[in-house]
Amino acid sequence: AQKVTQAQTEISVVEKEDVTLDCVYETRDTTYYLFWYKQPPSGELVFLIRRNSFDEQNEISGRYSWNFQKSTSSFNFTITASQVVDSAVYFCALSEGSRVTDKLIFGTGTRLQVFP
Amino acid sequence: DGGITQSPKYLFRKEGQNVTLSCEQNLNHDAMYWYRQDPGQGLRLIYYSQIVNDFQKGDIAEGYSVSREKKESFPLTVTSAQKNPTAFYLCASKFGRAPGNTIYFGEGSWLTVV
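What counts, and where the lines are drawn
- Residues numbered from 1 in each chain as written.
- Chains lettered and ligands numbered in written order.
- Predicted model: local features only at pLDDT ≥ 70, side-chain atom pairs only at ≥ 80, totals over all residues.
- Heavy atoms only, no water.
- Helix = DSSP H or I, 4+ residues; strand = E, 2+ residues; numbered from the N terminus.
- Rg over C-alpha atoms; globule rule 2.2 N^0.38 Å.
- Buried < 20%, exposed > 50% of the residue type's maximum accessible area, 1.4 Å probe, protein only.
- Contact = heavy atoms within 4.5 Å.
- Buried area = accessible area lost by both parts, 1.4 Å probe.
- Salt bridge = Lys/Arg side-chain N within 4 Å of Asp/Glu carboxyl O.
- Polar contact = N/O pair within 3.5 Å; in protein donor to acceptor, adjacent residues only side chain to side chain.
- Nonpolar A, V, L, I, M, F, W, Y, C, P; charged D, E, K, R; others polar.

*Asks:* Explain the overall build of chain A here, please?
*Replies:* Helices and strands together make up the secondary structure of chain A, namely zero helices and twelve strands. Sequence-ordered secondary structure for chain A, helices as α and strands as β, is β-β-β-β-β-β-β-β-β-β-β-β. Scaling as 2.2 N^0.38, a compact globule of 116 residues should have a C-alpha radius of gyration of about 13 Å, and chain A matches this with 14 Å. Taken over the C-alpha atoms alone, chain A extends approximately 45 × 30 × 20 Å along its principal axes. Residue burial in chain A is summarised as follows: out of 116 residues, 44% are buried.

Encoded structure:
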């Protein structure tokens, strides 16, 4: 069965600290896709990144970076030099490589609070 | 502007009443979805549609109904049979039918049953 675990319910940091949000997934598929979304207080889910199971390259986008490790079934997200605007709930999600069950499986989210 | 528009943003409903949440997208996306979010929980799939005039139940479809008469529209009706309808509802869509394509979300609708 597919599952996404975000063990950190809430994280609080002070501005300019680095913070890593953990994501561990379970799937039997060899082809799958991983996503991170940001949910600010307004409620909309904002897409951050998509990764397929065949691409284990880490990615950096500005202050954001992602570490994908198939050996540990993890897809962790790091924010460098955090800012107050980074305060949000962050969701990790998994999609099977199947047209039959076309859905995202979400973790329960990690609430990040960045204090000035 | 292109995007996914949900309305209303806030809705109050009396017990026993049906209510319909609107979702429109002008992105020419093929697939559309409805998710439900409860406090402190992740999102759960209610229904999805990959093409017009076709839709599939998700994990928590009981008490909900949908239609897909037009490519750009995917309204969700929360019926009186839904036992605990108070939640945040998110509509989403994606281009094509490939399983790994990115799903984009609307701004959500808050439904409160009073």
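Additional details are given in the paragraphs that follow.
*Asks:* Whenever I open this one, the interface of chain B and chain A confuses me. Can you help?
*Replies:* Many authors give the size of an interface as the accessible area that is lost as the parts come together. Taken residue by residue, the interface counts 27 residues in chain B and 24 residues in chain A. Taken over both partners, the interface formed by chain B and chain A buries close to 1,900 Å², and the fraction arising from carbon and sulfur atoms is 51%. Of all residues in chain B, P99, G100 and F105 of chain B give up the largest surface area on contact with chain A, accounting jointly for 27% of the area buried on that side. Summed over the shared surface of chain B and chain A, the result is one salt bridge. Among the ionic pairs, D59 of chain B bridges to K103 of chain A, the shortest N-O distance being 2.7 Å. At the boundary of chain B and chain A, one finds six residue pairs in polar contact (both at pLDDT 80 or more). Those elements giving two or more residues to the side of chain B that touches chain A turn out to be β4 (31-37), β5 (43-51), β9 (87-94) and β10 (104-105) of chain B. Grouping the constituent residues of the side of chain B that touches chain A by class yields 13 nonpolar, nine polar and five charged.

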